Amino acid sequence: MLKNVEKRCIIFTANIETPKNNFIGVDIMSSTYHHSAISVSISALNAEVSGSCLPVDIKYSDGKSTRFLVDCGMFQERQYRQLNAQKFPFDSRNYEYLLITHCHADHYEKAPILFKEGFDGIVYTTATTKKLMYRASLDSYRIMMADSKNKKCKPLYSESDVQAVMKHTVGYKIGETIDIDDRVKVTFLDNGHILGATSFFVQISYLGQERCILFSGDYKGKSIWKEVKKIPEWVRKKNKTVVCESTYGNVDSKDVEIKFKNDILKLIKSGKSVLIFVFAQGRAQEVLYELKEAQNSGQLSKRVSVYLDGNLAQENTHIYQDSDEVDEEKRDFLPDNFHTINKENRESVIQSDEQRIILTTSGMGDHGPAQIYIPALIENENFAFYFTGFVSNDSLAYRILHSKKIKLNEKEYNVNAEVYTTTEFSAHAKADQLLEYLRECGKVDCVLLNHGEKNVQKIFGQRILDEGICEQVESLSEHTAILGEHGIIRVIGSKFYSVRKIKKEKKEGNKRTKKSLRRYQLKVCRH
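What this report covers is the structure whose coordinates are included nearby.

Comments concerning the overall build of the chain
And then number 1: Across its full length, the chain carries 14 helices and 24 strands.
And then number 2: Within the chain, the fraction of its 527 residues that count as buried is 59%.
And then number 3: For the chain, the accessible surface area stands at approximately 22800 Å², while carbon and sulfur atoms represent 47% of it.

Brief notes about the sheet that holds strand β8 (residues 177-181)
And then number 1: The strand order across the open sheet formed by seven strands is β8-β9-β10-β11-β12-β21-β22, and the pairing between neighbours is mixed. Of all the strands in the sheet, the pair left with one neighbour each is β8 and β22 (473-475). Pairs of neighbouring strands in the sheet enclose a mean axial angle of 20°, with direction left out of account.
And then number 2: In this sheet, strand β12 (residues 240-245) lies alongside strand β11 (residues 209-215) in parallel orientation, the contact comprising three bridges. For Phe215, the partnering residue across the bridge sits in β12 and is Val243.

Quick look at the packing of aromatic side chains
And then number 1: Scanning all chains against the criterion turns up 19 aromatic pairs.
And then number 2: Note on Trp225 and Tyr289: the rings are 5.5 Å apart at their centroids and 65° apart in plane angle, and the pair reads as edge-to-face. Of the two residues, Trp225 is situated in the loop between β11 and α5 (233-236) and Tyr289 in helix α7 (residues 283-296); the sequence distance between them amounts to 64 residues.
And then number 3: Residue classification places Trp225 among the buried positions, given a relative accessible area of 4%.
And then number 4: Linked through ring pairs, Tyr97, Tyr124, Tyr172, Phe188 and Phe200 together constitute an aromatic cluster.
And then number 5: We note Arg183 situated over the ring of Tyr60; from NZ or CZ to the ring centre the distance is 4.6 Å.
And then number 6: The ring of Tyr248 carries the charged tip of Lys430 above its face, separated from the ring centre by 4.8 Å.

Some words on the sheet that holds strand β17 (residues 383-387)
And then number 1: The sheet built from six strands is open, its strands ordered β15-β14-β16-β13-β17-β20 with parallel pairing. The open sheet has two edge strands with one neighbour each: β15 (338-341) and β20 (418-421). With strand direction ignored, the average angle separating the axes of adjacent strands in the sheet is 20°.

What to know about helix α4 (residues 159-168)
And then number 1: Those residues of α4 that fall on the buried side of the exposure criterion are Asp161, Val162, Ala164, Val165 and Met166.
And then number 2: In the core, the buried residues of α4 are packed alongside α2 (111-116), β6 (122-126), α3 (127-151) and β7 (169-172).

Digging into the side chain of Gln314
And then number 1: Along the chain, the position of Gln314 falls in helix α8 (residues 311-322).
And then number 2: Of the residues examined, Gln314 reaches a relative accessible area of 15% and is grouped as buried.
And then number 3: Ignoring any residue separated from it by four or fewer positions in sequence, one finds Gln314 in contact with Leu308, Asp309, Thr340 and Ile341.

Comments concerning the packing of α7 against α8
And then number 1: Put simply, α7 and α8 touch, their axes get as near as 9 Å, and they point 65° apart. By the angle class used here, α7 and α8 are roughly perpendicular. α8 is crossed by α7, and the crossing has right-handed handedness. Across from Ala284, Gln285 and Leu288 in α7, the residues of α8 making contact are Ala313, Asn316, Thr317 and Tyr320.
And then number 2: When grouped by side-chain class, the residues that make up the contact of α7 with α8 number four nonpolar, three polar and no charged.

Digging into the nonpolar core
And then number 1: Residues Leu98, Ile264, Ile276, Ile357 and Leu359 are the most contacted members of the largest nonpolar core, which totals 65 residues.
And then number 2: Sorting elements by how many residues they give to this core places α7 first, with six residues.
And then number 3: If we ignore the near neighbours within four places in the chain, the residues touching Leu98 are Leu69, Asp71, Cys72, Ala111, Leu114, Phe119, Ile122, Val123 and Tyr124.
And then number 4: Counting residues in hydrophobic clusters, the runner-up holds 33 residues, among them Val40, Tyr60, Phe68 and Cys446.

A closer look at the pattern of salt bridges
And then number 1: Scanning the model with the defined rule gives 18 salt bridges in all.
And then number 2: We note a salt bridge from Arg346 to Asp309, for which the minimum N-O separation is 2.7 Å. Placement of Arg346 in helix α9 (residues 346-351) and of Asp309 in strand β14 (residues 305-309) is noted, with a sequence separation of 37 residues between them. This pair shows no difference in class: Arg346 is buried, exactly as Asp309 is.
And then number 3: Each of the salt bridges in this network shares a partner with another, and the network as a whole consists of Asp190, Lys226 and Glu325.

Concerning the pairing of β15
And then number 1: By the bridge criterion, four bridges tie β14 to β15 in an arrangement that is parallel. From the neighbouring strand, Tyr307 faces β15, where its bridge partner is His339.

Remarks on the state of the cysteines
And then number 1: Under the definition given, this model contains zero disulfides.
And then number 2: Of all cysteine sulfurs in the structure, the one in Cys470 sits closest to Cys446, which takes part in no disulfide; the separation is 6.8 Å.
And then number 3: Judged by its relative accessible area of 0%, Cys446 falls in the buried class.

So, the environment of Ile224
And then number 1: Within the secondary structure, Ile224 sits in the loop between β11 and α5.
And then number 2: A C-alpha to C-alpha distance of 8.5 Å links Ile224 and Gly192, two positions 32 residues apart in sequence.
And then number 3: Leaving out residues up to four positions away in the same chain, Ile224 has contacts with Glu286, Tyr289 and Lys330.

Digging into the environment of Leu98
And then number 1: Secondary-structure assignment places Leu98 in strand β5 (residues 97-99).
And then number 2: Assessed through its relative accessible area of 0%, Leu98 is described here as buried.
And then number 3: Sequence separation between Leu98 and His168 is 70 residues, and the spatial gap between their C-alpha atoms is 9.8 Å.

Description of unusual backbone geometry
And then number 1: Here the bond from Thr361 into Ser362 is cis, since omega is 5°, no more than 30 degrees from zero.
And then number 2: Mapped onto the elements of the fold, Ser362 is located in the loop between β16 (356-360) and α10 (370-377).
And then number 3: Phi at Asp71 is positive, roughly 70°, even though this residue is not glycine.
And then number 4: Of note, Asp71 is situated in the loop between β4 (65-70) and β5.
And then number 5: Taking relative accessible area as the criterion, Asp71 reaches 3% and is therefore assigned buried.
And then number 6: Of note, the phi angle at Glu478 is positive, near 55°, even though the residue is not glycine.
And then number 7: Along the chain, the position of Glu478 falls in the loop between β22 and β23 (479-484).
And then number 8: The exposure class assigned to Glu478 is partly exposed, which follows from its relative accessible area of 24%.

What counts and what doesn't
- The residue count restarts for each chain, going from 1 along the sequence in the order it is written.
- Where totals are concerned, whole chains, interfaces and linings use all residues; where local detail is concerned, this predicted model gives features only for residues with pLDDT of at least 70, and gives and counts side-chain atom pairs only at 80 or more.
- Note that water and hydrogens are dropped before the side-chain values are worked out from all heavy atoms of the structure.
- Helix and strand assignments follow DSSP, with helices taken as H or I runs no shorter than four residues and strands as E runs no shorter than two, numbered in order from the N terminus.
- Between buried and exposed lies partly exposed: a residue is buried under 20% and exposed over 50% of the maximum accessible area for its type, with that area taken using a 1.4 Å probe on protein chains only.
- What sets the accessible areas is the Shrake-Rupley method with a 1.4 Å probe; for residues, cover comes only from the shown protein chains.
- Two strands pair if DSSP finds at least two bridges between them.
- All axes are obtained by fitting lines to C-alpha atoms, using only the stretch in contact for helices, and the reported angles, taken between N-to-C directions, cover 0 to 180 degrees.
- Paired rings are identified among Phe, Tyr and Trp, the last through its six-membered ring, by centres lying within 6.5 Å, and are further divided according to the angle between planes into stacked (under 30 degrees), edge-to-face (over 60) and tilted (the rest).
- In this scheme, Lys NZ or Arg CZ marks a charge over a ring once it lies within 6 Å of the ring centre and within 35 degrees of the ring normal.
- Here, two residues are considered to be in contact whenever any of their heavy atoms come within 4.5 Å of each other.
- Between 65 and 115 degrees an angle is taken as roughly perpendicular, under 35 as roughly parallel, over 145 as roughly antiparallel, and anywhere else as oblique.
- Whether a crossing is left-handed or right-handed is set by the direction in which the near helix is turned from the far one by less than a right angle, anticlockwise for left-handed and clockwise for right-handed.
- All residues other than Ala, Val, Leu, Ile, Met, Phe, Trp, Tyr, Cys, Pro, Asp, Glu, Lys and Arg, Gly among them, are scored as polar; the first ten of these are nonpolar and the last four charged.
- Grouping buried Ala, Val, Leu, Ile, Met, Phe, Trp, Tyr and Cys residues that are joined through side-chain atoms within 4.5 Å yields what is termed a nonpolar core.
- We count a salt bridge whenever a side-chain nitrogen from Lys or Arg sits within 4 Å of a carboxyl oxygen from Asp or Glu.
- Throughout, disulfides are identified as pairs of cysteine sulfur atoms within 2.5 Å of each other.

Keep in mind these numbers describe shape, not what the thing actually does.
In structure tokens form, the structure reads like this:
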């Protein structure tokens, strides 16, 4: 059971006369609570975006129960990273299963800690995510150990904990339905967020009653690698609660500027070389695909060498090339004149006079080979730096984007390279696309929002109500929702963790020391 649950709560009852379109913290019309064979509660440990972990507690009238978690990720926002070192606010031994939606650190990377604290159940995910997770987990463990040594602090988990996760992990194909016990079925629905991503459709059946919950995970309805399958009609016909992400719930797809290809072509035409910062999972492969397409269309010369640096990015690229989830005609996505970089040839690539495009991890420049390229090339006026993903305001990338000078390892550098950034590769659906997804879900009793900033959840929740998708919408973040036969019975505000206030940093990012920079090298959002 969850600990530290506050006693304040909001009770929803049909006896209260309120307007239908209310959202978050206001009484909402709902079915009156009555005796049921099935009782379901869902919580969200994360307050905003990262640190996804949803405990689900199912109780039956015969006294039996089923408990499982959906995702188990690291916190990545600066104010919440301290929570990664805190114990889970529940007894990990009480949970029987862990469902992982996809291989991003904020959704799976605390799984080793879960096992360390006594969890001994089965981990369910897709076969592709299982492959990606193993390599990513070992890479994260290596980074954590290096960071722990530098900061002289105790590691969060051991390599044996990583191995325990993988030993207990079972991978399934998209579209499969499995029985995790004799009363709960789980279907793996298609999801274009990244390769291997899934949305879980959970069916709970007992004594002729049924509760259905659809967990979107991080969602995108399109993918460059495949055609994302629509939600099956049999799922659409079921009355359901949808637990939906809301990362970009305040942005529509029309607001996103598509500029990467034109920027790259302009820079190459001007004679510059380009250093592109990529996340190892998903972003590196998408950028390679875009460069290949530009070559095939005759817009990008095949004489320009394309390099990829970063062991995990290279390993993931091989997985993409061999994956059944990637359409066969798209598996050959490596550009012509493509080369990989390792310790032996890295310096020669840096010093080369040829015009070149280099892709390197990490996406925000805080660790990996990027730490070598940045000081070597940032003062080179013949280079451009291109950031292709989310940049947190405490990252090295942010400092480069917003400063004319940066300090790195006690040395000051002028930012002479041209600097670019784009959000067009985001793997999350925007607000209009999420609304389309919720319509596609069919019969929706209520929507529980998570994985979004608090103000964004409020904005998006009101849009859901205005669109008439359902009559009940609530924020699940740091809350526990009790579900009845036709929707939400009540929502309990829950304080799962103790968050210490962080002192504000000086606005001048260049004032950081080498020691303070190290604090940001452990966790990087791989979105």
